[in-house]
Structures are given as C-alpha cells and as structure tokens.
Amino acid sequence: MEQKTARLTVLVDPAKKKAFEALCARQDVTPSQVVRRLIRDYLAQHGVGYLPGSAESEDDDAVKR
C-alpha cells in the first residue's frame, strides 16, 4: 500500500454512490480500496509506470514511461 496519499474528488450521482458503497460493504472493502485498485489496474492496462510514494511530477514522468 502507498505510504503517502493525495485526495481525488470524483462526482457521481447519488444512486450510484449508494449502490457502490453498499456493494463495497457486502464485500468487506472500503470504497477507497476499490478505487485505488481500479486506478492501479487501469495504469497497468495502459502500460503506465509510476513510483509508489513518489510526489515528483508524476503527471509528466508517468507519460514518459
């Protein structure tokens, strides 16, 4: 798990949020855990590398890798 965190604000409609939170609760995971997994999988699927815990210009560096 990453050591440092940064906030990501995502806007979704209330019905989807409620359904997502309920599903997460049934699966005994937090919504944040699921979103972090989705982001890691999405980056891997597109071949984008990153250094966990690195705060240095990740936007520019990630595109170059």
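Residues numbered from 1 in each chain as written. Predicted model: local features only at pLDDT ≥ 70, side-chain atom pairs only at ≥ 80, totals over all residues. Heavy atoms only, no water.

The subject of this paragraph is the pattern of salt bridges. Summed over all chains, the structure comprises 2 salt bridges. Among the salt bridges present, the one from Lys16 reaches Asp13, with a minimum N-O distance of 3.4 Å. Where Lys17 meets Glu21, a salt bridge forms, and the shortest distance between an N and an O atom there is 2.8 Å. Of the two residues, Lys17 and Glu21 are both situated in helix α1 (residues 14-26); the distance of 4 residues between them amounts to about one turn of the helix. (Salt bridge = Lys/Arg side-chain N within 4 Å of Asp/Glu carboxyl O. Helix = DSSP H or I, 4+ residues; strand = E, 2+ residues; numbered from the N terminus.)

Let us look at the confidence of the model for the protein. Residue-level pLDDT values for the protein average 85, and 78% of them are 70 or greater. Ranking the helices and strands of the protein by mean pLDDT puts α1 first, with 98, and helix α3 (residues 58-64) last, with 46. Note on residues 60-65: pLDDT is under 50 here. Beyond four places in sequence and across chains, it has 7 contacts. (pLDDT = per-residue confidence, 0-100. Contact = heavy atoms within 4.5 Å.)

This part covers helix α2 (residues 31-45). An ideal rise of 1.5 Å per residue puts 21 Å on 15 residues; α2 measures up with 21 Å between its terminal C-alpha atoms. A positive backbone phi angle near 70° is found at Gly47, which sits one or two residues after α2. (Expected span 1.5 Å × (residues − 1).)

Turning to α1, a few remarks are in order. Between the first and last C-alpha of α1 there are 18 Å, a value that for 13 residues agrees with the 18 Å anticipated at 1.5 Å per step. Of the residues flanking the start of α1, the one acting as N-cap is Asp13, its side-chain oxygen 3.1 Å from the backbone nitrogen of Ala15. Among the residues trailing α1, Asp28 stands out with phi positive, at a value near 55°. (Polar contact = N/O pair within 3.5 Å; in protein donor to acceptor, adjacent residues only side chain to side chain.)

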